[in-house]
Structures are given as structure tokens and as C-alpha cells.
Amino acid sequence: KSFAEAFKVLEREGFLRHLRVTNQEDIVPALVMTSILSFSLYEHVGMHLNLFETDYEITYPNDKNFWKRAFYANIIDKINFPSALLKYHGNKLMGSRLDSNKEELSNKYLDDLYGEERIVGDLYEKKSSKDYLYDFF
């Protein structure tokens, strides 16, 4: 949790930009989300490019989209493990999905995405690095 909060401070201050890319059906990122539902301390950070079979979605982990992310990460929906692991957790499929969305994605820039409130939600309304100064001492 502390890592994720520190990461977000660096994003707010413009010192850090991060894009995590996944295939929608990949079970590996779902395992992390499943652990969140069981009160694990791990959190995904940064911008997320979620590749579907014929489309994509760009999100940022925030309170407003928690249940949507939990639904996408539903491990029961991805129960055909381990065949799903071999098929969906790889660069070949990811590459072909990126290629199929290349024209539209080539017009997207990470700094611009961090500036879109509809994606990052209340990221910029929270504490700045100066506000955290005394939290660490």
C-alpha cells in the first residue's frame, strides 16, 4: 500500500509515468486482483492498457472503477487455466492486438492520458509530495 501511494505521488508530481499492458483474458493479472479481494497488500499501479480481442480500454486504478476492475479480473471467468495461461499470457497475442489497434493507439500519449480526468479520476486531488514530508519521519 505504501509503495502504491508513493508511486501515485510521483505520478501527480509528473516525475513518473507507467503503462501496464495486458490481454483481457490473461489470468496472471487476475491473480493479483483476486488477492486484493482477499485483503492482500498488493495493488496495481500506473495506467492500464487492457487489450480485448478486437478493442482496448485505458484505465487507471482508482476508487471509481474498483468494481469494474474486479469484474474484469474475475478468476472464475478465466477458469480454463492452464491453457489460458499459455494462450493469453504471452507477447505474441499482445503484439497482434497492439497491431490491430495501432492506428488509434499511435495518437495516444502517456502524458496526455495522465491529464484526462475521466481516466485518472481524483489522482490530482490527493496529497502532493510536500504533504507527505512528515509522514515519513
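Residues numbered from 1 in each chain as written. Predicted model: local features only at pLDDT ≥ 70, side-chain atom pairs only at ≥ 80, totals over all residues. Heavy atoms only, no water.

S.K.: I'm lost on helix H1 (residues 2–12) in this one. Help?
M.R.: Turn by turn, an α-helix covers 3.6 residues, leaving residues three or four places apart pointing in a common direction. Looking only at H1, the buried set comprises Ala 4, Phe 7, Lys 8, Val 9, Glu 11 and Arg 12. Next to the buried residues of H1 lie strand E2 (47–51) and helix H7 (110–114). Within two residues after H1, Gly 14 carries a phi angle of roughly 85°, on the positive side. (Buried < 20%, exposed > 50% of the residue type's maximum accessible area, 1.4 Å probe, protein only. Helix = DSSP H or I, 4+ residues; strand = E, 2+ residues; numbered from the N terminus. Contact = heavy atoms within 4.5 Å.)

S.K.: What am I meant to see in the nonpolar core here?
M.R.: For soluble globular proteins, nonpolar side chains are generally found buried alongside one another. Within the largest apolar cluster, 13 residues are counted, with the highest numbers of intra-cluster contacts made by Met 47, Ile 58, Tyr 60, Ile 119 and Val 120. Taken together, the elements giving at least two residues each to this core come down to E2, strand E3 (56–59), H7 and helix H8 (117–120). Per element, the largest residue contribution to this core is 3 residues, and it comes from E2. In this structure, Ile 119 is in contact with Met 47, Ile 58, Thr 59, Tyr 60, Asn 62 and Leu 113, ignoring residues within four places of it in sequence. (Core = buried A, V, L, I, M, F, W, Y, C linked by side-chain atoms within 4.5 Å.)

S.K.: How do you make sense of the pattern of salt bridges when you look at a structure like this?
M.R.: If the charged atoms of two oppositely charged side chains come close together, the side chains can form a pair. Summed over the entire model, instances satisfying the criterion amount to 2 salt bridges. Its salt-bridge partner being Arg 17, residue Asp 111 comes within 2.8 Å of it at the nearest N-O pair. Here Arg 17 lies in the loop between H1 and strand E1 (19–23) and Asp 111 lies in helix H7, a separation of 94 residues in the sequence. Accessibility expressed as a relative area gives 26% for Arg 17, which makes it partly exposed. Put simply, Glu 116 and Arg 118 hold a salt bridge, and the shortest N to O gap is 2.9 Å. For Arg 118, a relative accessible area of 67% translates into the label exposed. (Salt bridge = Lys/Arg side-chain N within 4 Å of Asp/Glu carboxyl O.)

S.K.: What am I meant to see in the confidence of the model for the chain here?
M.R.: Low-confidence regions, as indicated by low pLDDT, have predicted coordinates that should not be scrutinised in detail. Averaged over every residue, the pLDDT of the chain is 78; the share at 70 or more is 65%. By mean pLDDT, helix H3 (residues 66–72) is the weakest element of the chain at 59, and H7 is the strongest at 96. (pLDDT = per-residue confidence, 0-100.)

S.K.: Teacher, can you tell me more about the sheet that holds E3 here?
M.R.: Where strands meet in a sheet, backbone hydrogen bonds hold them as pairs that are either parallel or antiparallel. Strand order in this open sheet of 3 strands is E1-E2-E3, and the pairing throughout is mixed. Looking at which strands have only one partner, the edges of the open sheet turn out to be E1 and E3. The average undirected angle you get between the axes of adjacent strands in this sheet is 15°. Of the strand pairs in this sheet, E2 and E3 are connected by 4 bridges, and their pairing is antiparallel. Across the sheet, His 48 pairs through a bridge with Thr 59, a residue of E3. (Pairing = 2+ DSSP bridges. Axes fitted to C-alpha atoms, helices over the stretch in contact; angles between N-to-C directions.)

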